[in-house]
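Residues per chain are reported as follows:
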Amino acid sequence: MNFYSLHTNDAKVSFKEAVINGIAPDGGLYFPEQIPQLPASFFDNIEGLSNLEIAFRALFPFVKEDIPETILREILEEVLDFDFPLVPISEHVSTLELFNGPTMAFKDVGARFMANCLGYFFRDSENKVTVLVATSGDTGGAVANGFLGVAGVEVVILYPSGKVSDIQERQLTTLGQNITALEVSGTFDDCQRMVKRAFVDTSLKGSVQLTSANSINVARWLPQMLYFLFAYKHLKASGKELVFSVPSGNFGNICAGMLAQRMGMPVRHFIASTNVNDTVPAYMQTAIYEPKPSVATISNAMDVGDPSNFIRIRKLYNDDFSELSKHLTSYSFTDKETKEAMKNLYAKAGYVADPHGAVGYLGLQKYREKHPNTYGVFLETAHPVKFLDVVSSTLNVTLSLPPQIAKIMHKEKESVSISEYEELRLFLLK
Ligand SMILES: *Cc1c(COP(=O)(O)O)cnc(C)c1O
């Protein structure tokens, strides 16, 4: 499979090059040249397939020129070593819990898959590759964990000092080995700016091979389609039309679900649920795409004003707005509504949701008011413990720490403080 840049519809590269480049040289996102079709027999017999087999069949067409079958199977075995349970909420609604990985957010799957692909591509290389990434919270932890101990890969993570949660900071700064955390006195935008500058800095070329692990990388994007296939496997028997509500920020996760649909998965509809950062809900109302500065909310992993993956969703429907509207609805919700939904879920179903999952629940409820004959799934993208303060104060509950989190709470934080680009440059040249 080749991938091309959505900027110029050109610049064709292999999967391997797309993963290493991250973004095309012309600044565009990579998109697969064809959308492979999973045969009807795959869906007819999906109940009999293991998650690993489903994952292999869905992803192999995208990577087969660069990753042999046996290696892909080994990689998937490492990536998918935890569960993706569906938890019933009411008669026609379940939540799909994606947070049982090492950093307790759904980004673990994409980050681990990318780490394993890069590890494979650089297995015999004498040069090291340096993964440089800026994080506002969850991405850094997932990337750090995914790449921990991967030979040939150094990871440098920039995070804004004092602007990530205590648990998120621990997930970034206590691993050691090939992971370094740079604590930036500044905002997430400052971190992002420094990273972008490093990618175009000619004084680094030849000395360090840089690659990015941010969410537009095809190796992070594609494996997210597996969540939807796993859920389909369990819900097919219900006989109802399925709808998925996905709490969305950069729109990578939902875009992967919509790709699974284009590959043949029977789904009635997708709901992109957002917080007040409503660029996409507004677009779905007006057909005018107007990015805006992001606003801080309690579902902070979705505080995105210009969702980077939305262009891929438009491409899936060849930028035909009316076609897209048949498959996608988008709603936005305030923090107040989100907290009400958390209380509701707790009171009615005894379910403790994190703020992101609660936004997903709200979108699903709203859609199902008009489409009651559907079966709805909302994705629970992070464990509530990652948002301890807001969850415990909203629900008056005490959450116990899962083992993944408990084990980092006593570890020493290690970070390197920087405040300007030159310090990053010198660090990379070391
Ligand atoms: C990253 C993230 C999201 C948003 O996912 P996108 O693919 O960027 O839309 C939602 N919830 C949580 C908890 C996240 O970490």
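Residues numbered from 1 in each chain as written. Predicted model: local features only at pLDDT ≥ 70, side-chain atom pairs only at ≥ 80, totals over all residues. Heavy atoms only, no water.

## Considering the sheet that holds strand 10 (residues 241–247)
Right, so step 1: Across the sheet, 6 strands lie side by side as 4-5-13-10-11-12; this open sheet has mixed pairing. The outermost strands of the open sheet, each flanked by one partner alone, are strand 4 (86–90) and strand 12 (328–332). This sheet shows a mean twist of 25° between the axes of neighbouring strands, independent of strand direction.
Right, so step 2: Judged from the 5 bridges that link them, strand 10 and strand 11 (residues 269–274) form a sheet pairing that is parallel. Bridge assignment links Pro247 to a residue of strand 11, and that residue is Ser273.
Right, so step 3: Here helix 12 (residues 279–286) sits on the sheet and contacts strand 11 and strand 12; the angle it forms with strand 12, its principal contact strand, is near 125°. (Pairing = 2+ DSSP bridges. Helix = DSSP H or I, 4+ residues; strand = E, 2+ residues; numbered from the N terminus. Axes fitted to C-alpha atoms, helices over the stretch in contact; angles between N-to-C directions. Contact = heavy atoms within 4.5 Å.)

## Here we look at the pattern of salt bridges
Right, so step 1: Tallying each qualifying case throughout the model produces 19 salt bridges.
Right, so step 2: Between Asp81 and Arg112 there is a salt bridge, with the nearest N and O atoms lying 2.8 Å from each other. Here Arg112 lies in helix 5 (residues 107–121) and Asp81 lies in the loop between helix 4 (69–79) and strand 4, a separation of 31 residues in the sequence.
Right, so step 3: For Asp81, a relative accessible area of 52% corresponds to the exposed category. (Salt bridge = Lys/Arg side-chain N within 4 Å of Asp/Glu carboxyl O. Buried < 20%, exposed > 50% of the residue type's maximum accessible area, 1.4 Å probe, protein only.)

## Here we look at the sheet that holds strand 2 (residues 10–14)
Right, so step 1: Taken in spatial order, the 3 strands line up as 2-1-3 in an open sheet, and their pairing is antiparallel. Each having just a single partner strand, strand 2 and strand 3 (30–32) make up the two edges of the open sheet. Strand-to-strand twist across the sheet, computed as the mean angle between neighbouring axes with direction ignored, equals 35°.

## A closer look at unusual backbone geometry
Right, so step 1: The phi dihedral of Asn9 is positive, around 55°, even though this residue is not glycine.
Right, so step 2: Position of Asn9 relative to the elements: it lies in the loop between strand 1 (2–5) and strand 2.
Right, so step 3: You will see that Phe251, though not glycine, has its phi angle at about 65°, which is positive.

## Overview of the site of the ligand
Right, so step 1: Around the ligand, 15 residues are found, and the nearest of them are Lys107, Asp138, Gly249, Asn250 and Thr381.
Right, so step 2: Residue Asp138 places a side-chain N or O atom 2.8 Å away from an oxygen atom belonging to the ligand.
Right, so step 3: Contacts to the ligand include Asn253, whose backbone N or O atom sits 2.9 Å from an oxygen atom.
Right, so step 4: With the chains in place, 96% of the 390 Å² that the ligand exposes on its own is no longer accessible. (Near = heavy atom within 4 Å. Polar contact = N/O pair within 3.5 Å; in protein donor to acceptor, adjacent residues only side chain to side chain. Areas by Shrake-Rupley, 256 points an atom, 1.4 Å probe, with all protein chains shown as cover.)

## A few points about helix 11 (residues 252–262)
Right, so step 1: The element helix 11 is largely enclosed, with a buried count of 10 among its 11 residues.
Right, so step 2: Taken residue by residue, helix 11 has Gly252, Asn253, Ile254, Cys255, Ala256, Gly257, Met258, Leu259, Ala260 and Gln261 as its buried positions.
Right, so step 3: Directly after helix 11, the chain includes Gly264, whose backbone phi takes a positive value near 125°.

## Remarks on the packing of aromatic side chains
The geometry of an aromatic ring pair is captured by the separation of the ring centres together with the interplanar angle, meaning the angle of the planes.
Right, so step 1: Within this structure, the stated rule accounts for 22 aromatic pairs.
Right, so step 2: With 5.0 Å between their ring centres and 80° between their planes, Phe228 and Phe244 make a pair best called edge-to-face. One end of the pair, Phe228, is in helix 10 (residues 225–235); the other, Phe244, is in strand 10, with 16 residues separating them in the sequence.
Right, so step 3: For the pair Tyr283 and Phe310, a centre-to-centre distance of 5.4 Å together with 80° between the ring planes defines the contact as edge-to-face. Linking Tyr283 in helix 12 with Phe310 in helix 13 (residues 310–316), this pair joins segments that are 27 residues apart in sequence.
Right, so step 4: Overall, the relative accessible area of 4% leaves Tyr283 in the buried class.
Right, so step 5: Among the aromatic residues, ring-to-ring pairing joins Phe82, Phe84, Phe106, Tyr227 and Phe230 into one connected group.
Right, so step 6: Above the plane of the ring of Tyr120 lies Arg123, whose end atom (NZ or CZ) is 4.0 Å from the centre. (Phe/Tyr/Trp six-rings, centres within 6.5 Å; stacked < 30°, edge-to-face > 60°. Lys NZ or Arg CZ within 6 Å of the ring centre and 35° of its normal.)

## Considering the packing of helix 15 (residues 335–349) against helix 17 (residues 388–395)
Right, so step 1: Interhelical geometry of helix 15 versus helix 17 gives an angle of 65° and a closest axis separation of 10 Å. In this structure, the crossing between helix 15 and helix 17 has a hand that is right-handed. Note on element contacts: helix 17 touches helix 15 through Val390, Val391, Thr394 and Leu395, opposite Lys339, Met342, Lys343 and Tyr346.
Right, so step 2: A class-by-class count of the residues in the contact of helix 15 with helix 17 yields 5 nonpolar, 1 polar and 2 charged. (Left-handed = near helix turned anticlockwise from the far one by under 90°. Nonpolar A, V, L, I, M, F, W, Y, C, P; charged D, E, K, R; others polar.)

## With respect to the environment of Phe378
Right, so step 1: Relative to the assigned elements, Phe378 resides in strand 13 (residues 374–380).
Right, so step 2: The class for Phe378 is buried, based on a relative accessible area of 0%.
Right, so step 3: In this structure, the C-alpha to C-alpha distance between Phe378 and Val397, residues 19 residues apart in sequence, is 22 Å.
Right, so step 4: Once residues lying within four places of it in the same chain are set aside, the contact partners of Phe378 are Ile89, Val93, Ser94, Thr95, Leu96, Ser245, Leu345, Gly357, Gly360, Tyr361 and Leu364.

## Looking at the packing of helix 8 (residues 188–200) against helix 19 (residues 421–429)
Right, so step 1: At their nearest, the axes of helix 8 and helix 19 sit 10 Å apart, and the two run at 50° to each other. As judged from the angle between their axes, helix 8 and helix 19 are oblique. Every pair of crossing elements has a handedness; the one defined by helix 8 and helix 19 is right-handed. Of helix 19, the residues touching helix 8 (which contributes Met194, Arg197 and Ala198) are Tyr421, Leu424 and Leu428.
Right, so step 2: Taken together, the residues that form the contact of helix 8 with helix 19 break down as 5 nonpolar, no polar and 1 charged. (Parallel < 35°, antiparallel > 145°, perpendicular 65-115°, else oblique.)

## Section: the side chain of Thr274
Right, so step 1: Within the secondary structure layout, Thr274 lies in strand 11.
Right, so step 2: Exposure remark for Thr274: the relative accessible area of 1% places this residue in the buried category.
Right, so step 3: Of the polar contacts made by the side chain of Thr274, one reaches the backbone oxygen of Asn277; its length is 3.4 Å.
Right, so step 4: Leaving out residues up to four positions away in the same chain, Thr274 has contacts with Ser248, Phe251, Pro281, Ser330, Tyr331, Ser332, Phe333 and Val359.

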